[in-house]
Amino acid sequence: CVSFQEIFIIYFIECVREENADIFGSNIGSFRKGNLEDCCDFCISTKDCRGWAWESFAGGRCYLKNVSGPIRYKQGVIAGSMMRINFFLYLTNYL
């Protein structure tokens with residue numbers, strides 16, 4: 001009996017956010033469309049984006065950042081970053 005094992009890495013990206021917080025500076029873009037949830041999606045789909053900040057004033061604006069910190073207190077702003085969660089799938093096949 002011969003066996004071999006395959007390993008698959010399955011991952012997803014989850015947005016982690018902190019209220020009344022901001023990542024000052026390091027802007028790589030901003031958008032005046034969408035909502036808080038869209039801000040993380042914009043970051044995930046933008047090259048070199050590591051964090052974001054959402055201001056709800058005047059209809060909202062998402063600021064994309066090339067860093068995820070340091071995070072500082074700022075009333076009314078929500079700062080976020082991405083967390084990659086890995087799952088490992090091991091398959092053993094017998095011949």
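Above this note sits the structure.
Summarised in this report is the structure supplied together with it. (Residues numbered from 1 in each chain as written. Predicted model: local features only at pLDDT ≥ 70, side-chain atom pairs only at ≥ 80, totals over all residues. Heavy atoms only, no water.)

1. Brief notes about the overall build of the protein
Scanning the protein from N- to C-terminus turns up one helix and five strands. Of the regular secondary structure in the protein, the N- to C-terminal order runs β-β-α-β-β-β. The C-alpha radius of gyration of the protein comes to 19 Å, more than 25% above the 12 Å expected for a compact globule of 95 residues. Once the C-alpha set of the protein is aligned to its principal axes, its extents read approximately 65 × 25 × 20 Å. Across the protein, contacts joining residues at least 24 apart in sequence account for 71% of those joining residues at least 6 apart. Summed over its atoms, the accessible surface of the protein is roughly 6,400 Å², and 53% of this surface lies on carbon and sulfur atoms. When the 10 basic and 10 acidic side-chain charges of the protein are each reduced to a single mean position, those positions are 8 Å apart. (Helix = DSSP H or I, 4+ residues; strand = E, 2+ residues; numbered from the N terminus. Rg over C-alpha atoms; globule rule 2.2 N^0.38 Å. Contact = heavy atoms within 4.5 Å. Areas by Shrake-Rupley, 256 points an atom, 1.4 Å probe, with all protein chains shown as cover. Lys, Arg positive; Asp, Glu negative; His and termini not counted. Charge placed at Lys NZ, Arg CZ, Asp CG, Glu CD.)

2. Comments concerning the nonpolar core
Listed in full, the eleven residues of the largest apolar core are Leu36, Cys39, Cys40, Phe42, Cys43, Cys49, Trp52, Trp54, Cys62, Leu64 and Ile78. Taken together, the elements giving at least two residues each to this core come down to α1 (36-44), β3 (51-55) and β4 (61-65). The greatest single-element share of this core, amounting to five residues, is contributed by α1. (Core = buried A, V, L, I, M, F, W, Y, C linked by side-chain atoms within 4.5 Å. Buried < 20%, exposed > 50% of the residue type's maximum accessible area, 1.4 Å probe, protein only.)

3. Regarding α1
Taken as a whole, α1 has its buried residues at Leu36, Cys39, Cys40, Phe42 and Cys43. The arc that holds every buried residue of α1, seen down its axis, measures 155°, which confines them to one face. Between a side-chain oxygen at the N-terminus of α1 and the backbone nitrogen of Glu37 the separation is 3.0 Å; the capping residue is Asn35. (Arc of directions from axis to C-beta. Polar contact = N/O pair within 3.5 Å; in protein donor to acceptor, adjacent residues only side chain to side chain.)

4. Digging into the environment of Ile7
Mapped onto the fold, Ile7 is located in strand β1 (residues 3-23). Considered as a pair, Ile7 and Ile71 are 64 residues apart in the sequence and their alpha carbons are 37 Å apart. Residues within four places of Ile7 in sequence aside, it is in contact with Leu89 and Tyr90.

5. Here we look at the environment of Cys62
The residue Cys62 is located in strand β4 in this model. Residues Cys62 and Ser30, 32 residues apart in the sequence, show an inter-C-alpha distance of 5.3 Å.

6. Examining the pattern of salt bridges
For side chains bearing opposite charge, pairing can occur when the charged atoms are close. Summed over the entire model, instances satisfying the criterion amount to four salt bridges. One salt bridge connects Asp22 with Lys74, and the closest N-O pair in it is separated by 4.0 Å. Of the two residues, Asp22 sits in strand β1 while Lys74 sits in strand β5 (residues 71-94), which places them 52 residues apart along the sequence. (Salt bridge = Lys/Arg side-chain N within 4 Å of Asp/Glu carboxyl O.)

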